[in-house]
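# Structural overview for review
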Amino acid sequence: MASASYHISNLLEKMTSSDKDFRFMATNDLMTELQKDSIKLDDDSERKVVRMILKLLEDKNGEVQNLAVKCLGPLVSKVKEYQVETIVDTLCTNMLSDKEQLRDISSIGLKTVIGELPPASSGSALAASVCKKITGRLTSAIAKQEDVSVQLEALDIMADMLCRQGGLLVNFHPSILSCLLPQLTSPRLAVRKRTIMALGHLVMSCGNLVFIDLIEHLLTELGRNDNMSTTRTYIQCTAAISRQAGHRIGEYLEKIIPLVVKFCNVDDDELREYCIQAFESFVRRCPKEVYQHVPTIISICLRYLTYDPNYNFDDEDEDDNAMDAEQNDEDYQGSDDEYSDDDDMSWKVRRAAAKCLDAVVSTRHEMLPEFYRSVSPALVCRFKEREENVKADVFHAYLSLLKQTRPAQSWLADPDAMEQGDTPLTMLQSQVPMIVKALHKQLKEKSVKTRQCCFNMLTELVNVLPGALTQHIPVLIPGIIFSLNDKSSSSNLKIDALACLHVIMVTHPAHAFHAHVPALVPPVVACVGDPFYKITSEALLVTQQLVKVIRPLDNQSEGSDSFDPSPYINDLFTCTIRRLKAADIDQEVKERAISCMGQIICNLGDRLPTELPGTLLIFLERLKNEITRLTTVKALTMIAGSPLKIDLRPVLPDAVPILASFLRKNQRALKLCTLAALDILLRNYSSAVTPVMVDAVLAELPPLISESDMHVSQMALSFLSTLAVTHPSSLGQLSGGNILQQLIALVRSPLLQGGALAAMLDFYQVKGRMGFMFLDQYRDADWSRYSQSAALPHKQAYCSIAKCVAALTRACPTEGPAVVGQFIQDVKNSRSTDSIRLLALLSLGEVGHHVDLSSQPELKTVILDAFSSSSEEVKSAASYALGSIAVGNLPEYLPFVLQEISSSKRQYLLLHSLKEIISSASVSGLKPYVESVWSLLLKHCECQEEGTRNVVAECLGKLTLIDPETLLPRLKGYHAVSSSYARSSVVRQNCIGDFLKTLEDPDLNVRRVALVTFNSAAHNKPSLIRELLDSVLPQLYNETKVRKELIREVEMGPFKHTVDDGLDLRKAAFECMYTLLDSCLDRLDIFTFLNHVEDGLKDHYDIKMLTFLMLARLSSLCPSAVLQRLDRLVEPLRATCTTKVHAYSLQNSVKQEFEKQDELKRSAMRAVVALLTIPEAEKSPLMSEFQSQISSNQELAAIFDSIQRDSSSANMESMDNQLKDDIFP
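What you see is a predicted model; the values in this text were computed from it and never measured.

Attention now moves to the pairing of strand β2 (residues 1055-1060). Pairing analysis gives six bridges linking strand β1 (residues 1047-1052) to β2, with the strands arranged antiparallel. The residue bridging Met1052 from the neighbouring strand is Phe1055, located in β2. Hairpin connection from β1 to β2: two residues lie between these consecutive antiparallel strands, with Gly1053 at a positive phi of about 65°.

Under the counting rule described, the total for this entry stands at 41 salt bridges. Salt-bridge contacts for Arg232 lead to Glu270; the nearest nitrogen and oxygen are separated by 3.8 Å. Of this pair, Arg232 sits in helix α12 (residues 228-249) while Glu270 sits in helix α14 (residues 269-285), and the two are 38 residues apart along the sequence. Judged by relative accessible area, Arg232 falls into the buried class, the value being 17%. Overall, Glu270 belongs to the partly exposed group, its relative accessible area being 28%. Here Lys1161 makes a salt bridge to Glu1195, at a shortest N to O gap of 3.3 Å. Of the two residues, Lys1161 is situated in helix α62 (residues 1151-1171) and Glu1195 in helix α64 (residues 1194-1223); the sequence distance between them amounts to 34 residues. On the accessibility criterion, Glu1195 (41% relative accessible area) is partly exposed. Each of Asp308, Arg350, Arg382, Glu385 and Arg386 takes part in one network of salt bridges that share partners.

A residue-level look at the protein chain finds 87% of positions with pLDDT of 70 or above and a mean pLDDT of 81. Throughout residues 975-991 the model reports pLDDT below 50, and contacts reaching past four residues in sequence, or to other chains, amount to 53 contacts. In the predicted structure, residues 1143-1148 sits below a pLDDT of 50 and forms three contacts with residues beyond four places in sequence or in another chain.

A few words now on empty space enclosed by the protein. Taken as a whole and assessed by the stated rule, the structure comprises five cavities of 30 Å³ or more. By volume, the largest cavity amounts to about 70 Å³. Forming the boundary of the largest cavity are Leu636, Thr637, Ala640, Leu648, Val651, Leu652, Ala655, Leu659, Ala677, Ile680 and Leu681. Elements supplying a minimum of two residues to the lining of the largest cavity: α32 (629-640), α33 (652-662) and α34 (668-684). In terms of residue class, the lining of the largest cavity is made up of 10 nonpolar, one polar and no charged. Each pocket or cavity is described by its volume, and for the second largest cavity that value is around 50 Å³. What lines the second largest cavity is simply Val656, Leu678, Leu681, Leu682, Val689, Val694, Val697 and Phe719. Of all the secondary-structure elements, those providing two or more residues to the lining of the second largest cavity are α34 and α35 (691-700).

It is worth spelling out helix α6 (residues 100-116) at this point. For α6, spanning 17 residues, the distance from its first C-alpha to its last is 25 Å, which sits close to the expected 24 Å at 1.5 Å a residue. Those residues of α6 that sit buried are Leu102, Arg103, Ile105, Ser106, Ser107, Gly109, Leu110, Val113 and Ile114. Contacts from the buried residues of α6 go to α4 (62-76), α5 (81-95), α7 (125-144) and α8 (148-165).

Summed over the entire model, instances satisfying the criterion amount to seven aromatic pairs. With a centroid separation of 6.1 Å and an interplanar angle of 55°, the aromatic rings of Phe211 and Tyr252 are classed as tilted. With Phe211 in helix α11 (residues 208-224) and Tyr252 in the loop between α12 and α13 (253-264), this pair connects stretches of sequence that are 41 residues apart. With relative accessibility at 1%, the residue Phe211 sits in the buried group. Accessibility expressed as a relative area gives 10% for Tyr252, which makes it buried. Taking 5.9 Å as the distance between ring centres and 80° as the angle between the ring planes, the aromatic pair formed by Phe383 and Tyr398 counts as edge-to-face. Of this pair, Phe383 sits in the loop between α19 (368-381) and α20 (388-405) while Tyr398 sits in helix α20, placing them 15 residues apart in sequence. For Tyr398, a relative accessible area of 0% corresponds to the buried category. Each member of the aromatic cluster is reached from another via a ring pair, and the members are Phe383, Phe395 and Tyr398. Just above the ring of Phe211 sits the side chain of Arg248; from NZ or CZ to the centre is 4.7 Å.

Now for the packing of helix α57 (residues 1086-1096) against helix α58 (residues 1101-1117). As a packed pair, α57 and α58 sit with axes 9 Å apart at the nearest point and diverge in direction by 145°. The two elements α57 and α58 meet at a crossing, and its hand is left-handed. Here Ile1086, Phe1089, Leu1090, Val1093 and Gly1096 of α57 lie close against α58, whose contacting residues are Ile1103, Lys1104, Thr1107, Met1110, Leu1111 and Leu1114. Within the contact of α57 with α58, the residues separate by chemical class into eight nonpolar, two polar and one charged.

Definitions and limits used
- Residues numbered from 1 in each chain as written.
- Predicted model: local features only at pLDDT ≥ 70, side-chain atom pairs only at ≥ 80, totals over all residues.
- Heavy atoms only, no water.
- Pairing = 2+ DSSP bridges.
- Helix = DSSP H or I, 4+ residues; strand = E, 2+ residues; numbered from the N terminus.
- Salt bridge = Lys/Arg side-chain N within 4 Å of Asp/Glu carboxyl O.
- Buried < 20%, exposed > 50% of the residue type's maximum accessible area, 1.4 Å probe, protein only.
- pLDDT = per-residue confidence, 0-100.
- Contact = heavy atoms within 4.5 Å.
- 1 Å grid on protein atoms, 1.4 Å probe; cavity = no way out; pocket = protein on both sides within 12 Å on 5 of 7 lines; lining within 4 Å.
- Points joined across faces, edges and corners; volume = space filled by probe spheres on them.
- Nonpolar A, V, L, I, M, F, W, Y, C, P; charged D, E, K, R; others polar.
- Expected span 1.5 Å × (residues − 1).
- Phe/Tyr/Trp six-rings, centres within 6.5 Å; stacked < 30°, edge-to-face > 60°.
- Lys NZ or Arg CZ within 6 Å of the ring centre and 35° of its normal.
- Axes fitted to C-alpha atoms, helices over the stretch in contact; angles between N-to-C directions.
- Left-handed = near helix turned anticlockwise from the far one by under 90°.

Given below as structure tokens:
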């Protein structure tokens, strides 16, 4: 520390030198020292440094002054509070100086100090005292200063301070407001603008009384309308307040909007522009309150979108031929100067109208059909706009409309939904010719910006409607080629043109481009040779797609037989091979060149006999390069899979060992691609793959067959299945090797499901058919592991083993009866453990599903006896086995099951067997038994056990799907029965419109089951319920309310326990609400939705957990709506986070209570973290206060920090997964 003080003393001494260079270097060295975290200053050094820096602010040399200002930033955090106050005092005094240079440098210094202060949410005492000291000086400078330049600087600093530290100045807000309001009438426009900025930042943190005073003042002044100039200022101020604090101004819109609409009709272009800008801010920031005014705003915007009093478009030009249109365009280009004079402000009005329409389209998703009726045609007509900036905004508004249409595709693509008539997609489809006609003229405009907008439009259009431009390709291709050949085109324009061409080619049939290939190839080839790597990269993508167009291999597209690719092969190959050979090019170009050449060989390899061997050798070199190996593996996979049977034999001896070595690399995408490549090589080039090559691959496989990565395991198993067919001799070594041990370990894993399990079953079936593994061998390998009473860790393991046994049994039919007999004995044997019985029963079920077991006479008895087992898992397995065996021979077993259900007392297990039969049997096989099964199920509808009723309901639903025309009307009729048990069983599967009536059923259980079914429909088939939401939502919201009449007290010994009979119903309702956020967001009134979420935040533990999830989801889906309700949402979150277990409970409560409370806090904190991702959420006074509370509480701060870390790492992981998906889809 002493040495640091000595060093700083030397620097301070040099700062007094008469040589400006000495002063400059010493100041620079001081700044370097201050930026070090380790530096510590004693009181004397602090005082000297502060005094010297403030003195240097008045230095004659400007560079020294600038460095001194930069020193203030790190200095503020290194000195004590009273020294910071000294700095601030001096800077405020200097700011009022007569010297302009000193004023400017002091203003910059104050901004630097304010920027370095801790944020308001940290609760720093330093920030509070400094801001209060500055505020008094600034308000007097703003109010009393006659020098406008001082006023402007003071307003600038005030705005900066209110933005950063507004929450600390709550006591000063009234005085700040009183000094700012008079400045709105200042004769200087610059003063007014800065005042508006300061007021905008003030409203983000001011109290309600100050906000009301401000709004009342603005409304009064707008009502008086004394002066047009000040009226413009007040409109601008209103818009600024809306932009900064839209959630607060919403309640005043009923008074504000009529005034703004009135001023729109005043003949003043500048005022009109500000009015429309105000509309835009209202639309974006007050979505609920502005809703009823949206039609008015749209009509005003549509009127002023075409407002161009200085220019008269000749509508007849629209109908002229293309040559005339181009000539007219040239004329109109030349006439720009005649009309675009400096006094014409109408373009600003049109631009404001386009931006406002953009805002409306972006925020009112539910009005899409209306937009396509009124807004879309108007925007398309304005593509001819003469002012380039306005035209860009018109295009952007239409892009927003297209982007809004895209999310709807998921449900509109549903065949049921497509029957709903005029949907946004069908309306857009009908307008495509009009859009193309308007764009056709613009594609040959001189303006680069206009053409870029056209390409962006076309790209988005084909993303929304793939194939929509098939009829219009002849019109569009010349425009794209024009931009590729035009010497005046910028690099970005060429990239956009190529990207647009690529997307169009991907989304349209190949034959549509055949007529244009001669024109397309030369410019694309030229772009591949472009010196700018981004153009080359994009051109290689287009070339790859062009290869697919000139010779499509998949299903031989219409007209492809008549198209001869020969004239173009040499050009495409030559330009690509040049890029493939180059070593000193960008990584992206290398990868695209490899992919493109792979496509050329895949589609045209038979036309390149002399070039092929050399090209394959280049691929071999790229395979050895770590940077390009992944892309090369994908290219080889593509070539190996080509129907042209490209000759890869020359490179296989070198390539396969390299591919085998990739399997041990720590790169998942590379492993997956390599396994896919090896698999396709085995399938198509088995004769060229030698046993030595196979052994090299097999040596690397054991570590890949593991539960740690099921996708890799699945690919490895697929490879083994292929190997069993192509190289059966190579599998002989598996019996005693590591691979068999890994296979058995994987079968025992509870994670083996889905694709990996299917691959495992395929492998066993193939091996069984090839005669390489017999059942005894498999049983010996695995049976011994659990026969010694050691149960497997998870039931899924038993199911997997049973499926593998069944696969082997089907593959070895001669051994089947003996194995089945052994399983029956295992179930019968009284000494068998539950594990052995469980596996035996599941295996019998899996085998019986595919093989008729009616030849086993004691099978029925053995399974029914297992129903009496003491183990629930054995009983469940017996139930499944009986149902699955019945599927293998319905005439034998289904009547038996029905008879047992009627006579036995074990209906629950037998009904599960029946459910398995209905789920798995073929429709034709079941049809003869439908009536008997139906009547039996209806008898059990009224069973008092809910579990039995649930199974009956599932059976009824699945059975109804077999013959819906006959059975659905019967279900409807059953709604009228008096038994609530029967109604709750039937309601699970019914016509949606009818079943929704059961939401009004008097019985709680019926309503709960109706909500569960509604939730299922909303999740799986949202198109069924979308049109019914208007009538259903009020009933759904009604079920979220706590009903006191359903809460009762139960005495349990000396204790009283509260029971809420309505809790399950409320929980089901909130679950429905959560599902609707994903599937029907555009049909919800978010503010009504938020009302019920807010109630849920104060409800029971289970419901709180659900609403915290909803709040996090809404923060990303509807941030502006959540921001408006933020103050009301923060309070229940704060209450949850600060709740403590009472002292009495502390002694008597169990551990679970503490865990529940902790989990509740963590969930609430996750919601808080999600809310803080909304821009400007931190500026809410209540949220800011809650943040301070969190940071001051050690427990809450720790939870908050850990959740923030988790969320950031989760984002990184999702990005990583996305990257992997992009690499290997």
